[in-house]
Amino acid sequence: MTDAPKTERTLVLVKPDAVRRGLTGEVLRRVEAKGYTLVAAELRTADDALLAEHYAEHAGKGFFAPLVEFMGSGPVLAVVVEGHRVIEGFRVLAGTTEPTTAAPGTIRGDLGRDWGLSVTQNLVHGSDSAESAAREIALWFPSL
Ligand code: DAT
Ligand code: MG
């Protein structure tokens, strides 16, 4: 028995470190090479209110303020990506949170490392569940 295809959407952010390093094309190349579809994309510098909402689950943690500051330090490319199991699939493409130990072959593992301070600069964000994806897409792309 096979499961019915489960087309989903996820929110991907190419973070300011990746945009500054000219890696937006490389990230999108990997997403498209995997067979996922781009639904919407916008380059913008996010304000604190949007970023606090986006990272609400991390409010109160020690890295919250530096995270919001970093994420607002320059433009991010916000992208809605669609495909079968794309939420999980993009998280695998991205690799685990810490670039130093993320597996080779992943975006963070191939292109990132930490800078001796924190793991905040890890190139990309991807929604971690269907609920997060719906919430984050509504936040970044209210017209969708
Ligand atoms: P992920 O982005 O892999 O879903 P997360 O949701 O746990 O990771 O954390 C959100 C972002 O916050 C993460 O991409 C980088 C930053 N971050 C997480 N843990 C951190 C830590 N211990 N120190 C500094 N930044 C951290
Ligand atoms: Mg997360």
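This text goes with the structure placed above it.
The structure reproduced in this document is the subject of the present report.

What counts and what doesn't
Residues numbered from 1 in each chain as written. Chains lettered and ligands numbered in written order. Predicted model: local features only at pLDDT ≥ 70, side-chain atom pairs only at ≥ 80, totals over all residues. Heavy atoms only, no water. Near = heavy atom within 4 Å. Polar contact = N/O pair within 3.5 Å; in protein donor to acceptor, adjacent residues only side chain to side chain. Areas by Shrake-Rupley, 256 points an atom, 1.4 Å probe, with all protein chains shown as cover. Nonpolar A, V, L, I, M, F, W, Y, C, P; charged D, E, K, R; others polar. Buried < 20%, exposed > 50% of the residue type's maximum accessible area, 1.4 Å probe, protein only. Helix = DSSP H or I, 4+ residues; strand = E, 2+ residues; numbered from the N terminus. Pairing = 2+ DSSP bridges. Contact = heavy atoms within 4.5 Å. Salt bridge = Lys/Arg side-chain N within 4 Å of Asp/Glu carboxyl O. Arc of directions from axis to C-beta. Core = buried A, V, L, I, M, F, W, Y, C linked by side-chain atoms within 4.5 Å.

## Notes on the site of ligand 1
Reasoning step 1: With respect to spatial proximity, the complete set of residues near ligand 1 consists of K15, Y55, H58, F63, L67, R91, T97, R108, S118, V119, T120 and N122.
Reasoning step 2: Take T120: an N or O atom from its side chain is 3.1 Å from a nitrogen atom of ligand 1.
Reasoning step 3: When isolated, ligand 1 has an accessible area of 520 Å², and the protein chains bury 77% of it.
Reasoning step 4: For the shell around ligand 1, a count of residues per class yields four nonpolar, five polar and three charged.

## A look at the pairing of strand 1 (residues 7-14)
Reasoning step 1: Most of strand 1 is tucked away: six of the eight residues are buried.
Reasoning step 2: Across eight bridges, the pairing between strand 1 and strand 3 (residues 76-84) is antiparallel. What sits directly across from V14, in strand 3, is L77.
Reasoning step 3: Sheet topology note: the strand 1/strand 4 (residues 124-126) ladder contains three bridges and is antiparallel. Residue pairing for strand 4: V12 is matched across the bridge by G126.

## Notes on the environment of R108
Reasoning step 1: Structurally, R108 is set in helix 6 (residues 107-111).
Reasoning step 2: R108 sits in the buried class, given a relative accessible area of 8%.
Reasoning step 3: In this structure the C-alpha to C-alpha distance between R108 and L93, which are 15 residues apart in sequence, comes to 8.5 Å.
Reasoning step 4: Those residues in contact with R108 that lie beyond four places of it in its chain are K15, A94, G95, T96, T97, P99, A102, N122, L123 and V124.
Reasoning step 5: Among the polar contacts made by the side chain of R108, one reaches the main-chain carbonyl oxygen of G95 at a distance of 3.0 Å.
Reasoning step 6: Within the local environment of R108, its side chain forms a polar contact with the backbone oxygen of V124, the two atoms lying 2.8 Å apart.

## What about the pairing of strand 3?
Reasoning step 1: For strand 3, the tally of buried residues reaches seven of nine residues, placing the bulk of the element in the interior.
Reasoning step 2: Where strand 2 (residues 37-44) meets strand 3, seven bridges bridge the pair, whose relative direction is antiparallel. In the strand pairing of strand 3, E42 is matched with A78.

## Focus on the pattern of salt bridges
Side-chain pairs of opposite charge can arise where the charged atoms are in close proximity.
Reasoning step 1: Under the definition given, this model contains six salt bridges.
Reasoning step 2: A salt bridge links R85 to E88; the nearest nitrogen and oxygen atoms lie 2.7 Å apart.
Reasoning step 3: A single salt-bridge network, built from bridges that share partners, covers E26, R29, R30 and D110.

## Focus on helix 2 (residues 24-33)
Reasoning step 1: Considered for burial, the residues of helix 2 that qualify are V27, L28, R30 and V31. All buried residues of helix 2 lie within an arc of 155 degrees about the axis, which places them on one face of the element.
Reasoning step 2: In the core, the buried residues of helix 2 are packed alongside strand 1, strand 2, strand 3, helix 5 (86-94), helix 6 and strand 4.
Reasoning step 3: Phi turns positive one or two residues past the end of helix 2, at G35, with a value near 105 degrees.

## A word on the nonpolar core
Reasoning step 1: With 19 residues, the main nonpolar core has Y36, V79, V81, F90, I107, L123 and V124 as its most contacted residues.
Reasoning step 2: Of all the secondary-structure elements, those providing two or more residues to this core are strand 1, helix 2, strand 3, helix 5 and helix 6.
Reasoning step 3: Setting aside anything within four residues of it in sequence, one finds I107 in contact with V27, R30, F90, L93, A94, G112, L123 and V124.
Reasoning step 4: In this structure, F64, V68, A78 and V80 belong to the second largest nonpolar core, which totals 18 residues.

Fair warning: the whole summary comes from geometry, so function is off the table for now.
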